[in-house]
Amino acid sequence: MRLRRLLLGSAVAVVLAGTLNVVPVSAGSTPQEPSGQSLRALGARHGLYIGTAVDMAALDDANDPQYRQLVASQFNTVTAENVMKWESLEPTRGNYNWGPADKLVEFAKKNNQKVRGHVLVWQNQLPAWLTEGVANGTITTAQLRDLLRKHITTVVKRYKGKIWQWDVVNEAATDPWDSPPEIHLKGFWAQHLGAGYIADAFRWARAADPSALLFYNDYNLEAFGDKGPGDKTYFVYKMVKQLRQSGVPIDGVGSQGHLGTQYGNYDAFQVKEALDAFSDLGLATAFTEVDVRSQMTAGVQAGDSNEINPRLQASAANFSVLMQACLANRHCLSYTVWGFTDKHSWVPGWFTNPPEGLATLYDENYQPKRAYNSIKADLIFSGPPYVQPRIPQNPKR
Ligand code: XIL
């Protein structure tokens, strides 16, 4: 009896190990050295998908084969860094440029990866014909609402069944340093269509693909502040709670996770608390754009290790805090970095005064940095009781 139970136990372990892609470990034996495994294989132990934003020019560059190779081998979900944005998909009115986005979706299929669709509604990277048409009055408010419905419907239908999570609405809320400091809705869409555009967008997306998970995505959502009028995380929490209560088909909140080593940032308990609050509303969670930038001081640029090492260590610590919190929240489905190498990162081009960089997991020569090994260790040295497999999310009807 005892023996049978033991045998049965190990049979179950083997089956489980098969589905979760891990080497079974019995008490007393030493598991296979895991540090040589990819992030995607190690994430699979927890049912957690590990992703990256993909720069299509780099993916296509025959002189840069390592980029392609690492996207395929380390990650099992991908996000288009730019090519699914409206200005890329419809650069002139009525003429869609699907090529680069299709290419990414095909690449993902070939490499057994999921795709996060980014992004349907955002105030940035809109085509000039749209913003200029609204500014000069040739596009009326009623036409603008119709154009948005048509855009969402066309894009979501084209990739129906091929997108795991859509960022339906991106960066809709202000920051406390904006004026007025009370958090409110910002940008082109709120200005022209009013707050109702958010619920509309989710409903249109759901109608176009009933099975994609629909996310609200934003930055500076890592942790709650004082839950007062200047607390962005709390504002978004109240907003998505209201949307769920009104029956709007929203399935998740994406926390972008753009951090900088010059800031105070958070510990894993604070971050877990925010993820738990969202998932207690019935929502999935995800880190969608993680990077941790540092100031490129004269010393850093000159290669002074006194200045570089603390930044690399602080970067690793911040990547790790988000990973640990994600692992600890069973509804946190994916952890996506916004570029994985300093060779192709939006940070140096975007944050120029003061110059910032060093924001990703690998350096410019594709050498893994301390941050890479930190999140890898988090994936390896975690498990029950505090880290349990993910709980799948069902699309809200
Ligand atoms: C960035 C891209 O990385 C850049 O290449 C582009 O020039 C600007 O947009 N939040 C988002 C992303 O949701 O879409 C942004 O991506 C980074 C901030």
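For the structure itself, consult the block above.
For clarity, every value in this text was computed on a predicted model and none was experimentally measured. (Residues numbered from 1 in each chain as written. Predicted model: local features only at pLDDT ≥ 70, side-chain atom pairs only at ≥ 80, totals over all residues. Heavy atoms only, no water.)

**A word on helix α6 (residues 99–110)**
As a reminder of what qualifies: Numbering of helices and strands starts at the N terminus; helices are DSSP runs of H or I of at least 4 residues and strands are runs of E of at least 2. To estimate how far a helix should reach, multiply one less than its number of residues by 1.5 Å. For every residue, the accessible area (1.4 Å probe, protein chains only) is compared with the maximum for its type, and the residue is labelled buried under 20%, exposed over 50%, or partly exposed between those bounds.
When the terminal C-alpha atoms of α6 are compared, their 16 Å separation across 12 residues agrees well with the 16 Å that a helix rising 1.5 Å per residue should span. Buried within α6 we find Ala-101, Asp-102, Leu-104, Val-105, Phe-107 and Ala-108. A positive phi of about 55° marks Asn-112, the residue just after α6.

**Overview of empty space enclosed by the protein**
Operational definition: A cavity, in this analysis, means grid points on a 1 Å lattice covering only the protein atoms where a 1.4 Å probe fits yet has no way out; a pocket is instead an open set bounded by protein on both sides within 12 Å along at least five of seven lines, and a residue lines either one if it has an atom within 4 Å of a point. Grid points are joined across faces, edges and corners, and a volume is the space filled by probe spheres set on the points.
Counted by the stated rule, this structure contains 1 cavity of 30 Å³ or more. Space inside the largest cavity adds up to approximately 40 Å³. In terms of lining residues, the largest cavity is bounded by Lys-85, Trp-86, Val-119, Leu-120, Val-121, Trp-122, Asn-124, Gln-125 and Leu-126. At 3 residues, strand β3 (residues 114–121) tops the list of elements feeding residues into the lining of the largest cavity.

**Observations regarding unusual backbone geometry**
The omega torsion of the bond from His-118 to Val-119 falls at 20°, within 30 degrees of zero and hence cis. By the secondary structure assignment, Val-119 is in strand β3. Residues Ser-179 and Pro-180 are joined by a peptide bond in cis, for which omega reads -10°. Tracing the chain through its elements places Pro-180 in the loop between β4 (165–170) and α9 (187–193). One non-glycine residue, Asn-112, lies in positive phi territory at about 55°.

**What about the nonpolar core?**
In a soluble, globular protein the nonpolar side chains are often hidden away together inside. Here is the rule we go by: For our purposes a nonpolar core is just a set of buried Ala, Val, Leu, Ile, Met, Phe, Trp, Tyr and Cys residues, chained together by side-chain atoms within 4.5 Å. Contacts: residue pairs with any heavy atoms within 4.5 Å of one another.
Ranked by size, the top nonpolar core spans 105 residues in total, and within it Leu-130, Trp-166, Val-169, Trp-189, Tyr-216, Val-240 and Tyr-335 carry the most contacts. Among residues more than four places away in sequence, those in contact with Val-169 are Val-121, Tyr-197, Ile-198, Ala-201, Phe-202, Phe-215, Tyr-216 and Asn-217. Judged by nonpolar contacts, the second largest core, of 6 residues, contains Trp-164, Leu-213, Phe-215 and Ala-286.

**Here's the deal with the side chain of Arg-311**
Locating Arg-311 in the fold gives a position in helix α14 (residues 305–328). By relative accessible area, which is 19% here, Arg-311 ends up buried. Those residues within four positions of Arg-311 in sequence are excluded, and the remaining contacts are Thr-261, Ser-294, Gln-295, Thr-297 and Val-300.

**Points about the layout of surface pockets**
Threshold: Residues were grouped as follows: Ala, Val, Leu, Ile, Met, Phe, Trp, Tyr, Cys and Pro as nonpolar; Asp, Glu, Lys and Arg as charged; and all remaining residues, including Gly, as polar.
Of the voids in this model, the largest pocket is the one considered here, and its volume is about 830 Å³. Lining of the largest pocket is provided by 36 residues; of these, Glu-171, Tyr-219, Asn-220, Gln-256 and His-258 occupy positions nearest its centre. Among the elements of the structure, α11 (232–245), β7 (258–260) and β8 (284–295) are those that each provide at least two residues to the lining of the largest pocket. Among the elements that take part in the lining of the largest pocket, β7 stands out by supplying 3 residues, more than any other. Class assignment of the residues belonging to the lining of the largest pocket gives a composition of 13 nonpolar, 14 polar and 9 charged.

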